[in-house]
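Next come the chains, spelled out residue by residue.
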Amino acid sequence: MSRIGKMPVEIPVGVDVNLTPENFITVKGPKGTLSRQLVTEIDVAIEGAVINVTRPNDLKKFRSLHGLTRTLISNMMVGVTQGYQKTLNIVGTGYRAAKAGNKLTLTLGYSHPVEMTDPEGVEATVEGNTTIHVAGIDKEKVGQYAADIRAKRAPEPYKGKGIKYSTERIRRKAGKSGKK
């Protein structure tokens, strides 16, 4: 049995959950509404203030989808109540970020500034030119937008310059050694 999949998902107070027979789930909370089509082979049942996820048998396909389905539902509950946030730091001389409306402008040492538009449901804010906070209710969209920003100038191992997650540690390499 899946250790993650068999745990029940608590429905927080103030959250409304609708589930159709085709496993289309809609979660509505104080921060917004999320909808997702779940796999139809996995059984999802709402029992009071708890959602239980079960699988029909122990085939490898169903074992892998069991925990995934439960985690997707749990992430929706957290998203509509607390939301998700990722923090990125910009390291490097002259590297900076600016925000105007829903456009994020990054100056990263290229010959031109890099402009990015916030996707729907996700908002990026800039703090002090070098810190970017990406926030939203959908964990997948927040993580993808943060990864897209980081990919514009990934940190390099010699000087550590680039855009990194605030929790990320850059493994540094030694530079060239002198002549013998």
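One can find the structure itself at the top, above this paragraph.
Residues numbered from 1 in each chain as written. Predicted model: local features only at pLDDT ≥ 70, side-chain atom pairs only at ≥ 80, totals over all residues. Heavy atoms only, no water.

(A) Seen up close, the sheet that holds strand β1 (residues 9-10). Across the sheet, 3 strands lie side by side as β1-β6-β5; this open sheet has antiparallel pairing. The open sheet has two free edges, formed respectively by β1 and β5 (43-47), since each of these has just one partner strand. Examined bridge by bridge, β1 and strand β6 (residues 50-54) share 2 bridges and lie antiparallel to one another. Directly across from Val 9, in β6, lies its bridge partner Ile 51. Seen against the sheet, helix α1 (residues 60-81) touches β1, β5 and β6 and runs at an angle of roughly 160° to β6. (Pairing = 2+ DSSP bridges. Helix = DSSP H or I, 4+ residues; strand = E, 2+ residues; numbered from the N terminus. Contact = heavy atoms within 4.5 Å. Axes fitted to C-alpha atoms, helices over the stretch in contact; angles between N-to-C directions.)

(B) Expanded view of helix α2 (residues 139-151). Its 13 residues place the ends of α2 18 Å apart at the C-alpha level, agreeing with the 18 Å of an ideal helix rising 1.5 Å per residue. Along α2, the residues that are buried comprise Val 142, Tyr 145, Ala 146 and Ile 149. Each buried residue of α2 sits inside an arc of 100° when the element is viewed along its axis, so together they form one side. Residues of α2 that are exposed and point over 90 degrees away from its buried face: Glu 140 and Ala 151. Structurally, α2 contributes buried residues whose contacts are with β7 (84-91), β9 (103-107), β10 (114-117), β11 (122-127), β12 (131-136) and β13 (162-165). (Expected span 1.5 Å × (residues − 1). Buried < 20%, exposed > 50% of the residue type's maximum accessible area, 1.4 Å probe, protein only. Arc of directions from axis to C-beta.)

(C) View of the packing of aromatic side chains. In the structure shown here, the tally under the stated rule is 0 aromatic pairs. The aromatic ring of Tyr 165 is capped on one face by Lys 86, whose charged end is 5.4 Å from the ring centroid. Taking NZ or CZ as reference, Arg 153 lies 4.3 Å from the ring centre of Tyr 110, over its face. (Phe/Tyr/Trp six-rings, centres within 6.5 Å; stacked < 30°, edge-to-face > 60°. Lys NZ or Arg CZ within 6 Å of the ring centre and 35° of its normal.)

(D) Highlighting the sheet that holds strand β3 (residues 24-28). In spatial order, the strands read β2-β3-β4; together these 3 strands make up an open sheet with antiparallel pairing. The open sheet terminates on both sides in strands that have one partner only, identified here as β2 (16-19) and β4 (33-37). The sheet shows a mean angle of 10° between the axes of neighbouring strands, taken without regard to direction. The pairing of β2 with β3 spans 4 bridges and is classified as antiparallel. Within the sheet, the bridge partner assigned to Asp 16 lies in β3 and is Lys 28.

(E) Inspection of α1 at higher detail. The end-to-end C-alpha distance of α1 is 33 Å, a good match for the 32 Å that 22 residues give at a rise of 1.5 Å each. Among the residues of α1, those classed as buried are Phe 62, Leu 65, His 66, Gly 67, Thr 69, Arg 70, Ile 73, Ser 74, Met 76, Met 77, Gly 79 and Val 80. The first or second residue beyond α1 is Gly 83, which carries a positive phi of 85°.

(F) A look at the pairing of β12. Across the 6 residues that make up β12, a large majority, 5, are buried. The pairing of β7 with β12 spans 6 bridges and is antiparallel. Within β12, the position partnered with Leu 88 by the bridge is Ile 132. Bridging between β11 and β12 involves 6 bridges; their strand directions are antiparallel. Each residue of the ladder has a partner; that of Val 122, found in β12, is Gly 136.

(G) A look at unusual backbone geometry. Even without being glycine, Asn 23 reaches a positive phi, approximately 65°. A relative accessible area of 6% places Asn 23 in the buried class.

(H) Geometry of the pattern of salt bridges. According to the stated counting rule, one finds 5 salt bridges in the structure shown. In this structure, the salt-bridge partner of Glu 140 is Arg 36, at a minimum N-O distance of 2.9 Å. Remark: Arg 36 occurs in strand β4 and Glu 140 occurs in helix α2; sequence separation between them is 104 residues. Among the residues examined, Glu 140 registers a relative accessible area of 52% and is labelled exposed. A salt bridge links Glu 41 to Lys 61; the nearest nitrogen and oxygen atoms lie 3.8 Å apart. Remark: Lys 61 occurs in helix α1 and Glu 41 occurs in the loop between β4 and β5; sequence separation between them is 20 residues. (Salt bridge = Lys/Arg side-chain N within 4 Å of Asp/Glu carboxyl O.)

In short, the description is geometric, and any link to function would need to be established separately.
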